[in-house]
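Summary of structural features
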Amino acid sequence: QKEVEQNSGPLSVPEGAIASLNCTYSDRGSQSFFWYRQYSGKSPELIMFIYSNGDKEDGRFTAQLNKASQYVSLLIRDSQPSDSATYLCAVAPGGGGSNYKLTFGKGTLLTVNP
Amino acid sequence: DAGVTQSPTHLIKTRGQQVTLRCSPKSGHDTVSWYQQALGQGPQFIFQYYEEEERQRGNFPDRFSGHQFPNYSSELNVNALLLGDSALYLCASSFSTSQYFGPGTRLTVL
């Protein structure tokens, strides 16, 4: 069973702090990694994707991938109350992501306190 | 440019009934995937359609079936509904890169 594991949280950080969200996966053949944000009662919204080892930055968000450790993380700098949501980690077996099934973790609930 | 759309928004059915959910992909997207998200869980892959064919399927019973039309829109059909089928059903569309989700259909089975 290919699994994606995330701490369910809640992870609570003060406004302006860095939030660190972590994810591990069991399938070494995974090639594509995605972070989605899901507000309560809404559908998942794509934040970032990463394919290569290392860091990828987009505004306040940084995704980090370590394939050797089968670990992917999302850092949110200068956290805002509007970042309060569940963050879903997803992995795919191939590159690109569109042609493959996504396997999701259960998500981590992030709360940013004003 | 419209994103992924789904209908209906909410649906209430009773056990044993059948339901059809609909999805229109984002303009330019040719691949549609369906996911089921139970409360407190991550989305679970049901199946994916490309060029009107089911390309991949997750661990869901044959009660779950689908279709893709020439305009790339898609339907998800669930027969003989069970209480456990109550969930948010998500459609995701894609073209060569990432998958983008529609707003979902909330199905409640009584």
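Data block above holds the structure.
To start, this report covers the structure provided alongside it. (Residues numbered from 1 in each chain as written. Chains lettered and ligands numbered in written order. Predicted model: local features only at pLDDT ≥ 70, side-chain atom pairs only at ≥ 80, totals over all residues. Heavy atoms only, no water.)

The next thing to look at is the interface of chain B and chain A. Contacts between chain B and chain A engage 23 residues on the former and 19 residues on the latter. In total, chain B and chain A occlude about 1,600 Å² of area from one another, counting both sides; carbon and sulfur atoms represent 50% of this. Of all residues in chain B, B:Ser98, B:Gln99 and B:Phe101 give up the largest surface area on contact with chain A, accounting jointly for 26% of the area buried on that side. Linking chain B to chain A there are five residue pairs in polar contact (both at pLDDT 80 or more). Among the secondary structure elements, those contributing two or more residues to the side of chain B that touches chain A are strand S4 (31-37), strand S5 (44-50), strand S6 (53-57), strand S9 (87-94) and strand S10 (100-101) of chain B. A breakdown of the residues in the side of chain B that touches chain A according to their chemical character gives nine nonpolar, 13 polar and one charged. (Contact = heavy atoms within 4.5 Å. Buried area = accessible area lost by both parts, 1.4 Å probe. Polar contact = N/O pair within 3.5 Å; in protein donor to acceptor, adjacent residues only side chain to side chain. Helix = DSSP H or I, 4+ residues; strand = E, 2+ residues; numbered from the N terminus. Nonpolar A, V, L, I, M, F, W, Y, C, P; charged D, E, K, R; others polar.)

With that settled, the discussion passes to the sheet that holds strand S1 (residues 5-7) of chain B. Residue and element names in this part refer to chain B. Strands sit in the order S1-S3-S8-S7 across an open sheet of four strands; the sheet is antiparallel. The open sheet terminates on both sides in strands that have one partner only, identified here as S1 and strand S7 (64-68). Ignoring which end each strand starts from, the neighbouring axes of this sheet average 20 degrees apart. Sheet topology note: the strand S3 (residues 19-24)/strand S8 (residues 74-78) ladder contains five bridges and is antiparallel. Within S8, the position partnered with Val19 by the bridge is Val78. (Pairing = 2+ DSSP bridges. Axes fitted to C-alpha atoms, helices over the stretch in contact; angles between N-to-C directions.)

This next bit is on the side chain of A:Gln70. All names here are of chain A. When you line up the elements, Gln70 lands in the loop between strand S7 (61-66) and strand S8 (71-76). From its side chain, Gln70 meets the backbone oxygen of Tyr25 in a polar contact 2.8 Å long. A distance of 3.1 Å separates a polar atom in the side chain of Gln70 from the backbone oxygen of Ser26. Setting aside residues up to four positions removed in sequence, Gln70 forms contacts with Cys23, Thr24, Tyr25, Ser26, Asp27 and Arg28.

This next bit is on the layout of surface pockets. Approximately 380 Å³ is the volume attributed to the second largest pocket. Along the walls of the second largest pocket sit 20 residues, with A:Gln38, A:Thr86, B:Gln37, B:Leu39 and B:Gly40 positioned nearest its centre. Sorting the residues of the lining of the second largest pocket by element identifies strand S9 (85-92) and strand S11 (108-113) of chain A as the ones contributing at least two each. Residue classes in the lining of the second largest pocket are distributed as six nonpolar, 11 polar and three charged. (1 Å grid on protein atoms, 1.4 Å probe; cavity = no way out; pocket = protein on both sides within 12 Å on 5 of 7 lines; lining within 4 Å. Points joined across faces, edges and corners; volume = space filled by probe spheres on them.)

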